Amino acid sequence: MEFSIRAANVEDCRDIARMIRVSRHVRTYLEQDGFSKNPFFHGIVAEVPEHVLFSGHTKIGYALYFYSYSSWTGRAIYMEDLYVMPEFRGKGIGKALMSKVAQLGLAAGCNQLNFTVLDWNKSSLDFYLSQGCFDVTEKMGYHCIRCEGEALEHLAQP
Amino acid sequence: MEFSIRAANVEDCRDIARMIRELAEYEKVADHVKVTQRDLEQDGFSKNPFFHGIVAEVPEQHRTKEGHTKIGYALYFYSYSSWTGRAIYMEDLYVMPEFRGKGIGKALMSKVAQLGLAAGCNQLNFTVLDWNKSSLDFYLSQGCFDVTEKMGYHCIRCEGEALEHLAQP
């Protein structure tokens, strides 16, 4: 199937919000956080030609990423989301999106591509392992820790 | 003990590089450190920094026997959750052993939280090694929770030759 991958622009936020399945309200945040002066993230979008329209959508996959850092190995790229609409899976689009994120990372001098997967998501995990990734949590024992809401407000008090 | 927390500047990279190595030794992986002082200078203090730092300092009279007054640091960068928006990620938090138990680590972490909230972030994220029980207990006592335990998130990585290969169209 013919498809193309390109950098996301501000007009894509409507489709990205649709694919993330968030409200129109949150779309505003995507526009501000990804497409203003100091973006918190960047996006790439997978598109199919008009004649392949499905429910009127030609933007059928996306990935969000941002640059991160490891104090041991330096520059890194973090893939926050990777998604292809179900009806377009199995055609190499997810692989192409991930490949583009890897390419952008290497171009920026990054040594690592990092992301997270839910432990029950075996098909995704198998896909990633087949691409040469490894499970840092399993192998090295890293756990993701989070602070949010009231606990975060409280922590910020001097 | 009197101490101060301030934003790191490019001159702090020598001490930060030193403490990164000390932290790696504590985590038993000193040979994993490839980042140099020069990398920190370029990656943290030029036009589009990959990270930011804060440093904990003590007055001269409390300097270490090697003469160090910069005795703790944290590195952080801004990140994003497609569900909850802006977030801040704490890459490192370290206090030299002889200065622990005095609230310095808590003050560094608190400053990262404060900077995150100021920037409109909703989450502070970081990682901890599963055997590091004392650190994990400290974080849980600060109101953090273990996303890996609770929600099953695993950190996945691609690097080296596999990353080069993945980047091929």
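Located above this text is the structure these notes cover.
No experiment lies behind these values; they were computed from the predicted model shown.

What counts, and at which threshold
- Residues numbered from 1 in each chain as written.
- Chains lettered and ligands numbered in written order.
- Predicted model: local features only at pLDDT ≥ 70, side-chain atom pairs only at ≥ 80, totals over all residues.
- Heavy atoms only, no water.
- Helix = DSSP H or I, 4+ residues; strand = E, 2+ residues; numbered from the N terminus.
- Buried < 20%, exposed > 50% of the residue type's maximum accessible area, 1.4 Å probe, protein only.
- Contact = heavy atoms within 4.5 Å.
- Phe/Tyr/Trp six-rings, centres within 6.5 Å; stacked < 30°, edge-to-face > 60°.
- Lys NZ or Arg CZ within 6 Å of the ring centre and 35° of its normal.
- Pairing = 2+ DSSP bridges.
- Axes fitted to C-alpha atoms, helices over the stretch in contact; angles between N-to-C directions.
- Buried area = accessible area lost by both parts, 1.4 Å probe.
- Salt bridge = Lys/Arg side-chain N within 4 Å of Asp/Glu carboxyl O.

Visitor: Explanation requested: the environment of Ala74 of chain B in the structure shown.
Guide: Residues and elements named next belong to chain B. Within the secondary structure, Ala74 sits in strand 3 (residues 70–81). Among the residues examined, Ala74 registers a relative accessible area of 0% and is labelled buried. A C-alpha to C-alpha distance of 9.8 Å links Ala74 and Ile20, two positions 54 residues apart in sequence. Residue contacts for Ala74: discarding those within four places in its chain leaves His52, Gly53, Ile54, Asp92, Leu93, Leu108 and Val112.

Visitor: How do you make sense of the packing of aromatic side chains when you look at a structure like this?
Guide: Each aromatic ring pair is summarised here by two numbers: the centre-to-centre distance and the angle between the ring planes. A complete count under the given rule lists 19 aromatic pairs over all chains for this structure. Judged by centre distance (6.0 Å) and plane angle (85 degrees), the rings of Tyr65 of chain A and Tyr67 of chain A are edge-to-face. Classification of Tyr65 of chain A by relative accessible area gives buried; the value is 7%. Joined through ring pairs, the aromatic side chains of Phe35, Phe40 and Phe41 of chain A together with Tyr76, Tyr78 and Tyr80 of chain B make up one cluster. In this arrangement the basic side chain of Arg100 of chain B is found over the ring face of Tyr26 of chain B, its NZ or CZ atom lying 5.3 Å from the centre.

Visitor: What is the right way to look at the sheet that holds strand 7 (residues 142–148) of chain A in this model?
Guide: Backbone hydrogen bonds are what pair the strands of a sheet, in a parallel or an antiparallel way. Ordered by their spatial adjacency, seven strands build an open sheet running 1(B)-2(B)-3(B)-4(B)-5(B)-7(A)-6(B), and the pairing between neighbours is mixed. Whereas interior strands pair on both sides, the edge strands pair on one side only; in this sheet they are strand 1 (4–7) and strand 6 (145–146) of chain B. Two elements, strand 2 (residues 52–57) of chain B and strand 3 of chain B, share six bridges in a ladder whose sense is antiparallel. Directly across from Val55 of chain B, in strand 3 of chain B, lies its bridge partner Tyr73 of chain B. Most of the contacts of helix 1 (residues 13–26) of chain B go to strand 3 of chain B, to which it runs at about 85 degrees, and overall it touches strand 2, strand 3 and strand 4 (85–95) of chain B.

Visitor: Help me understand the sheet that holds strand 3 (residues 59–70) of chain A, please; the structure alone is not making it clear to me.
Guide: Taken together, the seven strands give an open sheet; going across it, the order is 1(A)-2(A)-3(A)-4(A)-5(A)-7(B)-6(A), and neighbouring strands pair in mixed fashion. For this open sheet the edge positions go to strand 1 (4–7) and strand 6 (134–135) of chain A, each flanked by a neighbour on one side alone. Here strand 3 of chain A pairs with strand 4 (residues 74–84) of chain A via 10 bridges, running antiparallel. Each bridged residue has a counterpart across the sheet, and for Tyr67 of chain A the counterpart in strand 4 of chain A is Ile77 of chain A. Together, strand 2 (42–47), strand 3 and strand 4 of chain A form the strand contacts of helix 1 (residues 13–20) of chain A, whose direction differs from that of strand 3 of chain A by roughly 90 degrees. The strands that helix 4 (residues 122–130) of chain A touches are strand 4, strand 5 (112–118) and strand 6 of chain A together with strand 7 (153–159) of chain B; relative to strand 5 of chain A, the one it contacts most, it runs at about 160 degrees.

Visitor: Got a minute to help me understand the interface of chain B and chain A in this structure?
Guide: Quoted interface sizes are often the accessible area lost when the parts come together. Taken residue by residue, the interface counts 69 residues in chain B and 65 residues in chain A. Carbon and sulfur atoms supply 60% of the area buried between chain B and chain A, which totals about 6,300 Å² over both sides. It is Tyr80, Ile156 and Arg157 of chain B that lose the most area in chain B upon contact with chain A, and together they represent 14% of the buried surface on that side. Joining chain B to chain A, the criterion identifies two salt bridges.

Visitor: Can you walk me through the side chain of Ser70 of chain A in this structure?
Guide: Of note, Ser70 of chain A is situated in strand 3. Overall, Ser70 of chain A belongs to the buried group, its relative accessible area being 11%. If near-sequence neighbours (up to four positions away) are discounted, Ser70 of chain A is found in contact with Gln112 of chain A together with Val35 and Glu91 of chain B.

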